[in-house]
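Read off the chains here:
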Amino acid sequence: MKVLITGSNGLLGQKLLHKLRVDNSVELIATSKGKNRVSEKKGYSYFDLDITDESAVARIIAMQKPEVVINTAAMTNVDLCEEKKLNCDALNVSAVQFLADACVKINAHLIHISTDFIFDGEDGPYKEEDKPNPLSYYGLSKLKSEQLLQAHAVKWTILRTIIVFGVGENLSKSNIVLWAKGALAKGESLNIIDDQFRAPTLAEDLADACILAAKKKAFGVFNASGKDIMSIYEIVERIAKHYGYTTNNLNKISTATLNQTAGRPPKTGFILDKSKEVLGYNPHSFEECLTIIDEQLKD
Ligand SMILES: NC(=O)c1ccc[n+]([C@@H]2O[C@H](COP(=O)([O-])OP(=O)(O)OC[C@H]3O[C@@H](n4cnc5c(N)ncnc54)[C@H](OP(=O)(O)O)[C@@H]3O)[C@@H](O)[C@H]2O)c1
């Protein structure tokens, strides 16, 4: 099976790259905007592909003829999306249209990643068919991308996920576990919100969900998050306890005190029954994830 991934320099992109480049049943084409920042160069081909460039998307997909395209590229900074709506639309919505248009021409299956931020967080955890009501432009852009795929002739899978974390190389942004671990190690005093609840997701688990969906050519919307739902405060507290740092420097604060540009849903989390049953998705517990990260940081 020939698989093309977009955004291969990103966290999910790197995990997919490392899993698929050693999978003998897969021929892998990795693409991202700019140079390849992954040091391992064997087991795949790399192309510089900006997915907001319609003609480049059309050309590379027509030339490579992948059976499956996995779109991991996105604008994920929620406040930046609120401030730069045009840029957000270009990457999170129009580019998905370009990918779908290119895929349908060669009958390729498109796997796309969405988010818990399509919901308002008033009655999480959510099932796949629950009614979206985004509070932020980022959430709205991802909802628009879902709706355009659902109305498109392309074969598609949408995997919805929540706070993705993990270890990668030369990443352009950090994630909650690496950030909290680093700050706790320095003994910094941390103000953490305790009125938002999430199910954080190990990037490897999300990559597995993508690969299961690709191999099964699963059609439809699937929840693909971690299985433990907790407040952001509890996430950081569990990180501290797991790695043996004091929790004395952790202070609980409320979302309202932060004055963030974009709205955030108070309580999300996903019900994973469908993805477990149909895809065979089986994410790690949060503590298992922290142990995996510790091993990777030692390497
Ligand atoms: N991270 C989360 O907490 C979270 C939560 C819910 C859903 N999601 C979704 O999960 C997916 C993967 O997230 P992630 O955390 O792996 O994101 P990420 O680390 O930010 O990776 C995205 C990658 O896409 C690349 N990219 C940016 N603009 C591009 C363009 N125009 N063309 C091609 N590539 C481009 C980025 O390049 P640079 O590295 O050069 O910037 C980056 O390497 C996204 O769809 C995201 O919306 C993420």
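### Considerations on the packing of helix H2 (residues 54-64) against helix H4 (residues 85-106)
Interaxial distance between H2 and H4 falls to 9 Å at its minimum, and their mutual angle equals 25 degrees. With respect to H4, the element H2 is oriented roughly parallel. When the axes of H2 and H4 are compared, the crossing they make is right-handed. Here Glu54, Val57, Ala58 and Ile61 of H2 lie close against H4, whose contacting residues are Phe98, Leu99, Ala102, Cys103 and Ile106. For the contact of H2 with H4, a count of residues per class yields eight nonpolar, no polar and one charged.

### Some remarks on the packing of H4 against helix H5 (residues 137-150)
As a packed pair, H4 and H5 sit with axes 9 Å apart at the nearest point and diverge in direction by 15 degrees. It follows that H4 is roughly parallel to H5 by the angle criterion. In this structure, H4 meets H5 at a crossing whose hand is right-handed. Here H4 contributes Lys85, Cys88, Asp89, Asn92, Val93, Val96, Gln97 and Ala100 to the contact with H5, which in turn contributes Tyr137, Tyr138, Ser141, Lys142, Lys144, Ser145, Leu148 and Leu149. Class assignment for the residues of the contact of H4 with H5 results in eight nonpolar, four polar and four charged.

### Brief notes about the pairing of strand S4 (residues 68-71)
Here S4 shows no split at all, with Val68 and Ile70 on one side and Val69 and Asn71 on the other all buried. Relative to strand S5 (residues 109-115), S4 runs parallel, the two being bridged by four bridges. Along S5, the bridge assignment pairs asparagine 71 with histidine 112.

### What about the nonpolar core?
The biggest cluster of nonpolar side chains holds 36 residues, and the ones touching the most others in it are Ile5, Leu16, Ile70 and Leu159. Taken together, the elements giving at least two residues each to this core come down to strand S1 (2-6), helix H1 (11-20), strand S2 (27-32), S4, S5 and helix H7 (203-216). Sorting elements by how many residues they give to this core places H7 first, with seven residues. When neighbours within four sequence positions are excluded, leucine 159 is seen to be in contact with Ile111, His112, Ile113, Ser114, Ala209, Cys210, Phe222, Ala224 and Leu279. One finds Ile60, Ala73, Leu148 and Ile158 within the second-largest nonpolar core, a separate group that totals 35 residues.

### A short note on the packing of aromatic side chains
Counted under the stated rule, the structure contains five aromatic pairs. Arranged with centres 4.7 Å apart and planes meeting at 55 degrees, the rings of tryptophan 156 and phenylalanine 219 form a pair that is tilted. Linking tryptophan 156 in strand S6 (residues 155-161) with phenylalanine 219 in the loop between H7 and strand S11 (220-223), this pair joins segments that are 63 residues apart in sequence. Among the residues examined, tryptophan 156 registers a relative accessible area of 7% and is labelled buried. Taking the centre distance of 5.7 Å and the plane angle of 80 degrees together, the rings of phenylalanine 165 and phenylalanine 286 count as edge-to-face.

### So, the sheet that holds strand S3 (residues 45-48)
Spatially, S3-S2-S1-S4-S5-S6-S11 is the arrangement adopted by the seven strands of the open sheet, whose pairing is parallel. Bordering the open sheet on either side are S3 and S11, each of which pairs with just one other strand. Ignoring which end each strand starts from, the neighbouring axes of this sheet average 20 degrees apart. Taken together, the four bridges between S1 and S2 define a ladder with parallel strand orientation. Residue pairing for S2: leucine 4 is matched across the bridge by isoleucine 29. Sitting on the sheet, H5 is in contact with S5, S6 and S11, with an inclination near 155 degrees to S5. In the packing of H7 onto the sheet, contacts are made with S4, S5 and S6, and the angle to S5 comes to roughly 150 degrees.

### What about the site of the ligand?
The environment of the ligand is made up of 27 residues, and the closest members are Gly10, Arg37, Asp50, Tyr138 and Lys142. Contact distances for the ligand include 2.6 Å between an oxygen atom and a side-chain N or O atom of arginine 37. Side-chain polar atom of aspartate 50 to a nitrogen atom of the ligand: 2.8 Å apart, as the coordinates give it. When the ligand sits alone it has 900 Å² of accessible area, and the protein chains cover 87% of it. Listing elements by their share of the shell around the ligand, those giving two or more residues are H1, S5 and H5. If you tally residues by element for the shell around the ligand, the top one is S5, at three residues. Here the shell around the ligand is built from residues that sort into eleven nonpolar, eleven polar and five charged.

Quick notes on the rules
- Residues numbered from 1 in each chain as written.
- Predicted model: local features only at pLDDT ≥ 70, side-chain atom pairs only at ≥ 80, totals over all residues.
- Heavy atoms only, no water.
- Axes fitted to C-alpha atoms, helices over the stretch in contact; angles between N-to-C directions.
- Helix = DSSP H or I, 4+ residues; strand = E, 2+ residues; numbered from the N terminus.
- Parallel < 35°, antiparallel > 145°, perpendicular 65-115°, else oblique.
- Left-handed = near helix turned anticlockwise from the far one by under 90°.
- Contact = heavy atoms within 4.5 Å.
- Nonpolar A, V, L, I, M, F, W, Y, C, P; charged D, E, K, R; others polar.
- Buried < 20%, exposed > 50% of the residue type's maximum accessible area, 1.4 Å probe, protein only.
- Pairing = 2+ DSSP bridges.
- Core = buried A, V, L, I, M, F, W, Y, C linked by side-chain atoms within 4.5 Å.
- Phe/Tyr/Trp six-rings, centres within 6.5 Å; stacked < 30°, edge-to-face > 60°.
- Near = heavy atom within 4 Å.
- Polar contact = N/O pair within 3.5 Å; in protein donor to acceptor, adjacent residues only side chain to side chain.
- Areas by Shrake-Rupley, 256 points an atom, 1.4 Å probe, with all protein chains shown as cover.

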